[in-house]
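A closer look at the structure
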Amino acid sequence: MKYTKDVVLKNGKKCLIRDAVGDDAQEVLHVFLLTHEQTDYLSSYRDETTFDAEFERTFLTDIEDSEKEIYLCAVVDGQIVGTASVFSIGANKIRHRAEFGIAIDKDYWGNGIGQALTEACIAFSQNAGYSQLELEVVRDNTGAIALYRKMGFVEFGRNPRGFLSRFQGWQELVSMRMELEAC
């Protein structure tokens with residue numbers, strides 16, 4: 001599925017939500033590294049990243065025509081400032097489930113980019129035939145949890161030792177899911 005949508009943000013700026021493609025590899029990698037440096041809410045740290053722009057290019061090129069997985073970017077003033085993805089959890093008895101992930105440059109938090117990316121990923125997941133979209137979020141990430149609840153996700157469990165932070169020790173992960181009606 002190809003996705004493109006223009007959104008007006010809370011600050012009045014325009015944001016383009018679109019598929020990330022191979023030519024975006026360097027910028028997508030930059031945003032990945034930046035966001036993994038800015039917050040302790042993501043699953044790795046910048047210095048733990050082992051892939052480079054060429055790996056990212058191959059990854060984005062491989063996913064471009066997928067009907068079951070998507071990698072989106074949010075573009076403001078010609079610059080990628082956030083990404084979101086939907087990936088299949090597996091086959092057979094779990095083929096109905098997909099995992100959602102999102103990361104946004106901290107300078108752009110609170111402007112509606114998260115909601116726009118989440119809406120796009122929900123729509124994609126429905127069109128792809130998934131009946132459940134899932135995510136994990138650090139318990140202390142109250143802004144993200146509020147957004148997910150607003151969008152219709154519900155909590156279904158917690159893992160008190162989900163992440164081992166360099167700075168805070170154990171971080172509890174909240175597991176959330178959304179039941180979808182396939183289109």
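To start, this report covers the structure provided alongside it. Predicted model, so just to flag it, every value in this text is computed and none were measured.

**Side note on the environment of Phe124**
Inspection of the secondary structure puts Phe124 in helix α3 (residues 113–127). Assessed through its relative accessible area of 1%, Phe124 is described here as buried. Spatially, the C-alpha atoms of Phe124 and Glu67 are 8.9 Å apart, while their sequence positions differ by 57 residues.

**Concerning the sheet that holds strand β2 (residues 14–19)**
Read across the open sheet, the eight strands follow the order β1-β2-β3-β4-β5-β6-β8-β7; overall the sheet is mixed. Either end of the sheet is taken by a strand with one partner, and the two such strands are β1 (4–8) and β7 (154–165). On average, each strand axis in the sheet is tilted by 25 degrees relative to the strand beside it, whichever way the strands run. Bridging between strand β3 (residues 70–76) and strand β4 (residues 79–88) involves seven bridges; their strand directions are antiparallel. Residue Val75 lies in a different strand from β4, and its bridge partner there is Ile80.

**What about the pairing of β3?**
For β3, a buried count of seven out of seven residues is recorded, marking the element as mostly surrounded by other parts of the structure. The alternating pattern of β3 places Ile70, Leu72, Ala74 and Val76 on one face and Tyr71, Cys73 and Val75 on the opposite face, and all of these are buried. Where β2 meets β3, five bridges bridge the pair, whose relative direction is antiparallel. When the sheet's bridge partners are listed, Cys15 is paired in β3 with Val76. Once β3 ends, the chain turns through two residues before running back antiparallel as β4, passing Asp77 with a positive phi of about 55 degrees.

**What to know about the pairing of strand β5 (residues 97–104)**
By the bridge criterion, seven bridges tie β4 to β5 in an arrangement that is antiparallel. Pairing of Ser88 across the sheet is with Ala98, part of β5. Note: β5 against strand β6 (residues 132–138), three bridges, orientation parallel. Each bridged residue has a counterpart across the sheet, and for Arg97 the counterpart in β6 is Gln132.

**Regarding the packing of aromatic side chains**
Two descriptors summarise a pair of aromatic rings, namely the distance from one centre to the other and the angle between the planes of the rings. Tallied over the entire structure, the rule returns eight aromatic pairs. Geometrically, the ring pair formed by Tyr45 and Phe167 is edge-to-face, given 5.8 Å between the ring centres and 85 degrees between the ring planes. Taken as a pair, Tyr45 in the loop between α1 (25–38) and α2 (53–63) and Phe167 in the loop between β7 and β8 (169–179) lie far apart in primary sequence, 122 residues in all. Looking at Phe167, the relative accessible area reads 64%, which means it is exposed. Aromatic side chains Phe51 and Phe55 sit 5.5 Å apart centroid to centroid with 35 degrees between the ring planes, which places their arrangement in the tilted category. The exposure class of Phe55 is partly exposed, given its relative accessible area of 49%. Taken together, the ring pairs connect Phe32, Phe51 and Phe55 into an aromatic cluster.

**With respect to unusual backbone geometry**
Here Asp77, not a glycine, exhibits a phi torsion of approximately 55 degrees, which is positive. Mapped onto the fold, Asp77 is located in the loop between β3 and β4. Not every positive phi belongs to a glycine, and Asn92 is a case in point at roughly 55 degrees. Tracing the sequence through the fold places Asn92 in the loop between β4 and β5.

**Regarding the pattern of salt bridges**
Two side chains carrying opposite charge are able to pair once their charged atoms lie near each other. Counted by the stated rule, this structure contains 15 salt bridges. A salt bridge links Asp23 to Arg57; the shortest N-O distance between them is 3.3 Å. You can see Asp23 sitting in the loop between β2 and α1 and its partner Arg57 sitting in helix α2, a full 34 residues away along the chain. The class of Arg57 is partly exposed, set by a relative accessible area of 32%. When salt bridges that share partners are traced, they join Arg139, Asp140, Arg149, Glu155, Arg158 and Glu172 into one network.

Basis of the calculations
Think of each chain on its own: its residues are numbered from 1, step by step along the sequence as written. Totals for whole chains, interfaces and linings use all residues, but because this is a predicted model, local features are given only for residues with pLDDT of at least 70 and pairs of side-chain atoms are given and counted only at 80 or more. Water and hydrogen atoms play no part in the side-chain values, which are based on all heavy atoms of the structure. Here a strand is any run of E in DSSP of at least two residues, a helix any run of H or I of at least four, and the numbering for each starts at the N terminus. A simple rule labels every residue: compare its accessible area, found with a 1.4 Å probe on the protein chains alone, to the largest value its type can have, and call it buried under 20%, exposed over 50%, or partly exposed in between. Pairs of strands are assigned from DSSP output, requiring at least two bridges between the strands. Interaxial angle, 0 to 180 degrees, is taken between N-to-C directions of lines fitted to C-alpha atoms, where a helix line uses only the stretch in contact. Between the rings of Phe, Tyr and Trp (Trp by its six-membered ring), a pair exists once the centres lie within 6.5 Å; its type follows the angle of the planes, with under 30 degrees stacked, over 60 edge-to-face, and the other angles tilted. Here, a salt bridge means any side-chain nitrogen of Lys or Arg that lies within 4 Å of a carboxyl oxygen of Asp or Glu.

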